[in-house]
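Working through the structure, step by step
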Amino acid sequence: MRWHCLQHLPDEGPGQAADWLAAHGHSLSYTRLYEPNPVFPRLSEFDGLLVLGGAMSVHDEAEFPWLLDEKAFLRETLRAGKFTLGICLGAQLLAQALGGEVKPNPEPEIGFWTVRFSSRVLEHPLLRGWPEKALVLHWHQDTFTVPPGAQRVGMSAGCATQGFVWGDGIIGLQFHPEMTREMAEQLMLNEGHEQAEEQEFVQTAGQIREKLKSVWKGRVLLEQLLANMVALFEEEKGS
């Protein structure tokens, strides 16, 4: 399966997604939006799209004018029915493209918090094999409403919408299943989180490091999701 990645920041790459795709023989190309004059692929050049996170907001078009081109590309990709996975900012961009609203979350959600997945959404073929709940890494200020016609993936104590599935092959996740420990450390450094104080839904750097050592379910969720997307692509291709 030919995958393409939209990357918004140098230090927020595909992480564990790239590892899994490479290990299973899938290609991965990139549009790096932080570089001058980013180029988007033709629809015929990829089968699946991975849209990553970033520190910017979907509304920051004045500061990041490439957002306008990215949004147009996403609308075109969604109309074409491409398999698509959006993470954090990527999920917010997909939600907006599908008619949802992106707005500030009541509180920032940073650190490891449990997401509970509804029994109904776990019946969706994209989520086959997922557990009823998982402790995963979050790092966001904004949230989004579930787009019209989509299903909510789950919720946490600090965020009512932790993702959505739309149709048979489009999914957005508010949390970060792709991050490696090294990526999480770099994110804390970039965000100046070392001196951050604990809040209701914000953990300290020390608390985050402890969870990185002891409990890390992101890889399991991500690998199962990617395997499901590839299986559905193969089924569609063979039908």
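Keep in mind it's a predicted model, so treat the numbers as computed, not measured. (Residues numbered from 1 in each chain as written. Predicted model: local features only at pLDDT ≥ 70, side-chain atom pairs only at ≥ 80, totals over all residues. Heavy atoms only, no water.)

**What to know about the nonpolar core**
Inclusion rule: For this analysis, a nonpolar core means a set of buried residues of the types Ala, Val, Leu, Ile, Met, Phe, Trp, Tyr and Cys, connected via side-chain atoms within 4.5 Å. Buried means the residue's accessible area, taken with a 1.4 Å probe over protein chains only, is under 20% of the maximum for its type, while exposed means over 50%, and partly exposed covers the values in between. Each helix is a run of DSSP H or I of at least 4 residues and each strand a run of E of at least 2, with the numbering of both proceeding from the N terminus. Contacts are residue-level and defined by heavy atoms, with any inter-residue pair within 4.5 Å sufficient.
Leu 85, Phe 117, Leu 127, Trp 130, Val 153, Ile 171 and Leu 225 are the most contacted members of the largest nonpolar core, which has 34 residues in total. For this core, the secondary-structure elements that each account for two or more residues are strand S1 (2–7), helix H1 (16–23), strand S4 (83–87), strand S5 (102–117), strand S6 (133–144), strand S10 (170–173) and helix H6 (218–238). The residues touching Leu 127, leaving out its near neighbours within four places in the chain, are Val 121, Leu 122, Val 153, Val 165, Ile 171, Leu 225 and Asn 228. Counting residues in hydrophobic clusters, the runner-up holds 23 residues, among them Leu 6, Leu 49, Leu 78 and Ala 150.

**Quick notes on the pattern of salt bridges**
Our working rule: Whenever Lys or Arg places a side-chain nitrogen within 4 Å of a carboxyl oxygen from Asp or Glu, that contact is recorded as a salt bridge.
Throughout the structure, instances matching the rule amount to 6 salt bridges. A salt bridge links Arg 42 to Glu 45; the shortest N-O distance between them is 2.9 Å. Of the residues examined, Arg 42 reaches a relative accessible area of 56% and is grouped as exposed. Judged by relative accessible area, Glu 45 falls into the partly exposed class, the value being 35%. Here Lys 71 and Glu 61 are joined by a salt bridge, their closest N and O atoms 2.6 Å apart. Here Lys 71, found in helix H2 (residues 66–79), pairs with Glu 61, found in the loop between strand S3 (48–51) and H2; they are 10 residues apart in sequence, far enough to count as distant. The class of Glu 61 is partly exposed, set by a relative accessible area of 28%. Residues participating in the shared-partner salt-bridge network are Glu 185, Glu 194 and Arg 209.

**Details of H2**
Using the following cut-off: How far a helix is expected to stretch is found by multiplying one less than its residue total by 1.5 Å. Here the arc refers to the set of directions running from the helix axis out to each C-beta atom.
For H2, with 14 residues, the first-to-last C-alpha span of 20 Å sits near the 20 Å given by 1.5 Å per residue. Where H2 is concerned, the buried positions are Trp 66, Leu 67, Glu 70, Lys 71, Phe 73, Leu 74, Thr 77 and Leu 78. Considered in projection along H2, the buried side chains sweep an arc of 165° and stay on one side of the axis. On its buried face, H2 sits against S1, S3, S4, helix H3 (89–97) and S10.

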